[in-house]
Amino acid sequence: MSNDPMLEMFIFENNQLTDRLEEILMQGESDAGFDEDAINEIFRNMHTIKGSSAMMSFDNISTLAHSIEDMFFFIREHHDCTPDWKLICDLVLQSVDFFKEQVTKIQNGSYSKEEATALLASIHDYMPRLTGAAPDPVKAAPAPEPAASAGTAPAQADGAPTLTARVFFEDGCKMENIRAYQIVNAISGICTSIVTDPPDFLEECTDQIVNHGAVFFIHSDHPVEEIKQKLSECLFVKSIEFDDETPLDLPAPVSAPAAEPPAPEPAVAPAPAVQPQTEAAPPPTPVAAEPAPAPVSAPDTKKAAPASDAPVKQSYISVNVEKLDRLLELVGEIVIAEAMVTKNPDLQGLNLENFEAAAAMLRKNTDELQDVVMSVRMIPVSGTFHKMHRIVRDLIRKIDKEVELTIAGEETELDKNIIDNLSDPLMHIIRNSMDHGIEATVEERVAAGKPLAGRIQLEARNAGGDVIISITDDGRGLNRDKILKKAIDQGLVTKPESELTDKEIYNFIMLPGFSTKDQVTELSGRGVGMDVVKKNIEKIGGQVSLDSSPGKGMTVNIKIPLTLAILNGMEIQVGHNIYIVPTLNIRESFKPQPENIIIDPDGNEMVMIRGEIYPIIKLYELFKCETEITRFEDGIMLMGEDEGRTIGVFADQLVGEQQVVVKPIPQFILQKIGNIKGISGCTILGNGNISLIVDIKALFD
């Protein structure tokens with residue numbers, strides 16, 4: 001993608017608007033309609049997308065946004081219309097998908113000006129139904145002669161028309177046939193009958209309307225001036241030619257206030273009807289600039305006065321994520337530098353009161369700086385959570401199941417880099433819950449004493465320095481026996497069945513290629529869903545665990561650190577080396593006693609704690625470190641945890657807890673010796689030495 005700032009801003013703004021549109025539409029669909037605020041917001045968002053994409057010459061996006069904008073403008077202005085909200089939601093959601101697809105192509109440099117032809121046709125076909133012009137006898141009675149020529153009034157049962165008007169629309173406004181329908185709607189309330197030429201405003205009549213105008217033969221008991229006033233207020237009208245006088249030109253709606261003032265209604269009336277279409281949304285500035293409508297602002301003078309005396313300052317700015325990444329890197333370097341200064345080996349044994357005070361102040365400011373930078377990168381999970389409503393909606397139509405998704409804890413915040421990698425795992429889990437978990441038929445749910453609609457809950461909550469995301473469904477739950485049989489058939493079971501816990505059996509479904517589904521469908525059955533979930537969550541430093549109750553449902557818990565860049569770790573010493581173990585993975589630590597150590601017939605050493613037996617990993621053997629601490633009673637045992645599994649990690653001693661900056665293993669080391677088993681990264685200690693970070697998960701392998 002180009003580094004053009006305008007293009008980057010367009011993409012950023014478009015993504016925000018489409019995400020917000022999805023939220024509004026999903027809420028409206030669940031409520032079976034939209035309130036006035038939602039309609040206005042959809043209109044404004046589409047107006048913004050239309051304007052920004054037209055400015056960037058992405059005409060296919062602009063054209064589609066324009067069509068939807070027109071549809072919602074009509075809904076907004078005609079409160080008596082009865083929209084088919086289900087159909088409208090379908091059309092707009094498909095349009096949002098088109099916008100997203102085009103923006104992705106723009107980012108990838110593969111943009112092509114393909115039109116959303118089918119969508120535009122669907123919107124055009126629906127608009128006459130929305131306006132209700134075609135089937136409404138009030139707007140089309142009595143029937144015209146089959147072929148009335150332009151400008152000639154057809155024979156009418158009630159004599160000559162009161163007024164004949166030829167209307168021309170603004171250049172490039174598009175959908176002129178629909179706009180002609182809107183004029184019929186606008187003036188039908190003061191007319192006894194209206195006959196038009198073309199007689200039916202079909203899409204193929206658009207060229208005729210553009211070139212020759214739309215002709216209206218109007219019969220009415222109302223004054224001619226009132227009819228003209230109504231016509232002049234219609235949207236996108238450029239000029240009107242009447243049969244009894246010179247044309248009425250309307251080149252600029254804003255100039256309407258300068259017209260003759262004798263009319264009982266002020267001449268400024270047409271401006272609000274046209275302003276939303278011609279100004280950028282939302283349009284507060286033109287209203288504030290008009291001195292005339294004093295009565296409107298009078299009741300709110302206390303609030304309005306400060307706004308006129310001093311402009312409102314901007315409270316938010318958009319910042320490139322790369323700058324935030326760089327800022328976080330610099331904070332990490334400052335954390336390392338602070339540790340190198342305050343824990344410098346040259347200072348050991350010295351009593352430096354002034355230095356200690358200054359070091360304490362530096363540490364305090366460094367911690368505050370780190371907290372502020374981290375908070376800047378933290379965003380709520382609500383955006384990602386609400387996207388799941390769309391996933392559920394689309395799947396309901398594919399698998400023909402009734403499912404309700406509820407969300408809790410959406411205000412919980414995570415690092416942006418983690419949020420960006422969270423959407424796909426959540427989507428896979430929800431798809432599995434809907435396809436595998438929720439019962440196939442309503443009868444099956446009723447027999448189990450459950451509500452007719454399946455329920456899935458998506459919840460986020462803070463747990464210390466981590467965030468736990470739970471996805472719970474009230475479906476069948478996992479079939480323990482079926483999973484175990486499949487695991488045995490695939491040769492995945494390495495110990496007697498009697499020694500396997502339920503959690504260990506459930507975890508088989510997260511292995512590559514594992515699936516208990518007999519038939520492969522579009523949604524599942526290939527054994528890649530939960531495997532992908534596990535890998536993606538592990539990439540962001542998280543853990544996945546499963547819990548299930550047969551016949552009651554299943555819960556997937558995802559445990560994620562608040563950030564990936566800086567973690568809390570425990571320094572442990574093995575020989576002359578210092579290693580870091582993430583405190584996230586430490587359950588407890590203690591000095592083992594010889595009577596707690598068990599050796600099996602194969603020579604494997606294990607430790608017994610409170611009646612439970614766990615395997616032991618000696619780090620000095622694993623990493624080939626020279627040390628004098630080889631007896632268990634002389635060292636320290638850390639109990640490491642991962643995905644419900646526990647392992648004993650034997651080291652020389654604990655050094656202390658420290659916040660460390662995670663850095664990748666240097667490439668030249670990886671190229672020379674390859675990946676280091678049991679190591680996930682490295683950090684720099686206060687003395688300047690490099691310390692390796694122990695990967696507890698890898699120790700189980």
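A brief structural summary. (Residues numbered from 1 in each chain as written. Predicted model: local features only at pLDDT ≥ 70, side-chain atom pairs only at ≥ 80, totals over all residues. Heavy atoms only, no water.)

### What about a negative patch on the surface?
(1) Moving on: Residues Asp-31, Asp-35, Glu-36 and Asp-37 make up a contiguous surface patch of negative charge.
(2) Moving on: Note that Asp-31 resides in helix H1 (residues 5-31). (Patch = residues over 30% accessible without salt bridge, like charges linked within 9 Å, V, L, I, M, F, W, Y side chains within 5 Å. Areas by Shrake-Rupley, 256 points an atom, 1.4 Å probe, with all protein chains shown as cover. Salt bridge = Lys/Arg side-chain N within 4 Å of Asp/Glu carboxyl O. Lys, Arg positive; Asp, Glu negative; His and termini not counted. Charge placed at Lys NZ, Arg CZ, Asp CG, Glu CD. Helix = DSSP H or I, 4+ residues; strand = E, 2+ residues; numbered from the N terminus.)

### A few points about the sheet that holds strand E23 (residues 690-694)
(1) Moving on: Spatially, E21-E13-E14-E23-E22 is the arrangement adopted by the five strands of the open sheet, whose pairing is mixed. Sheet topology places strand E21 (653-661) and strand E22 (679-684) at the edges, where each strand pairs with a single neighbour. This sheet shows a mean twist of 35° between the axes of neighbouring strands, independent of strand direction.
(2) Moving on: One ladder, built from five bridges, connects E22 with E23; its direction is antiparallel. Along E23, the bridge assignment pairs Gly-681 with Ile-693.
(3) Moving on: Along the sheet, helix H14 (residues 321-342) makes contact with E21 and E22, crossing E21 at roughly 145°. (Pairing = 2+ DSSP bridges. Axes fitted to C-alpha atoms, helices over the stretch in contact; angles between N-to-C directions. Contact = heavy atoms within 4.5 Å.)

### Overview of the pattern of salt bridges
(1) Moving on: Tallying each qualifying case throughout the model produces 38 salt bridges.
(2) Moving on: Taking the shortest distance from any N to any O, the salt bridge between Asp-19 and Lys-100 comes out at 3.7 Å. Taken as a pair, Asp-19 in helix H1 and Lys-100 in helix H4 (residues 85-108) lie far apart in primary sequence, 81 residues in all.
(3) Moving on: Using a relative accessible area of 25% as the deciding quantity, one classes Asp-19 as partly exposed.
(4) Moving on: Lys-100 sits in the partly exposed class, given a relative accessible area of 24%.
(5) Moving on: Salt bridges here are not isolated pairs; linked through shared partners, they connect Asp-19, Glu-22, Glu-29, Asp-90, Asp-97, Lys-100, Arg-390, Arg-393, Asp-394 and Arg-397. (Buried < 20%, exposed > 50% of the residue type's maximum accessible area, 1.4 Å probe, protein only.)

### Quick look at the pairing of strand E19 (residues 636-642)
(1) Moving on: Along E19, six of the seven residues are buried, which leaves the element largely enclosed by surrounding structure.
(2) Moving on: Here E19 pairs with strand E20 (residues 645-651) via seven bridges, running antiparallel. Across the sheet, Glu-641 pairs through a bridge with Thr-646, a residue of E20.

### Here we look at the packing of aromatic side chains
(1) Moving on: Taken as a whole, this structure holds six aromatic pairs when the rule is applied.
(2) Moving on: Arranged with centres 5.9 Å apart and planes meeting at 40°, the rings of Phe-43 and Phe-73 form a pair that is tilted. Of the two residues, Phe-43 sits in helix H2 (residues 36-55) while Phe-73 sits in helix H3 (residues 59-77), which places them 30 residues apart along the sequence. For the pair shown, Phe-43 and Phe-73 are each scored as buried. (Phe/Tyr/Trp six-rings, centres within 6.5 Å; stacked < 30°, edge-to-face > 60°.)

### Notes on the sheet that holds strand E12 (residues 553-561)
(1) Moving on: An order of E7-E9-E10-E12-E11 is seen for the five strands of this open sheet, with the pairing classed as mixed. Bordering the open sheet on either side are strand E7 (403-408) and strand E11 (543-549), each of which pairs with just one other strand. Here the average twist between neighbouring strands, direction ignored, is 15°.
(2) Moving on: Strand direction decides the pairing type here: strand E9 (residues 454-463) and strand E10 (residues 466-473), joined by eight bridges, are antiparallel. Counterpart to Ala-463 in the pairing with E10 is Asp-466.
(3) Moving on: Each of E7, E9 and E10 is contacted by helix H16 (residues 382-399), which is oriented at about 175° to E7, the strand it contacts most.
(4) Moving on: Against the sheet, helix H18 (residues 423-437) touches E7, E9, E10 and E12, its axis set at about 20° to E10.

### Topic: the nonpolar core
(1) Moving on: Met-71, Phe-72 and Phe-216 are the most contacted members of the largest nonpolar core, which totals 73 residues.
(2) Moving on: Ranked by the residues each element gives to this core, the list is headed by H4, at eleven residues.
(3) Moving on: With residues near it in sequence (within four places) discarded, Met-71 still touches Ile-88, Val-92, Tyr-126, Met-127 and Leu-130.
(4) Moving on: The next biggest cluster of nonpolar side chains, apart from the first, holds 45 residues, and it includes Leu-422, Ile-430, Ile-456 and Ile-558. (Core = buried A, V, L, I, M, F, W, Y, C linked by side-chain atoms within 4.5 Å.)

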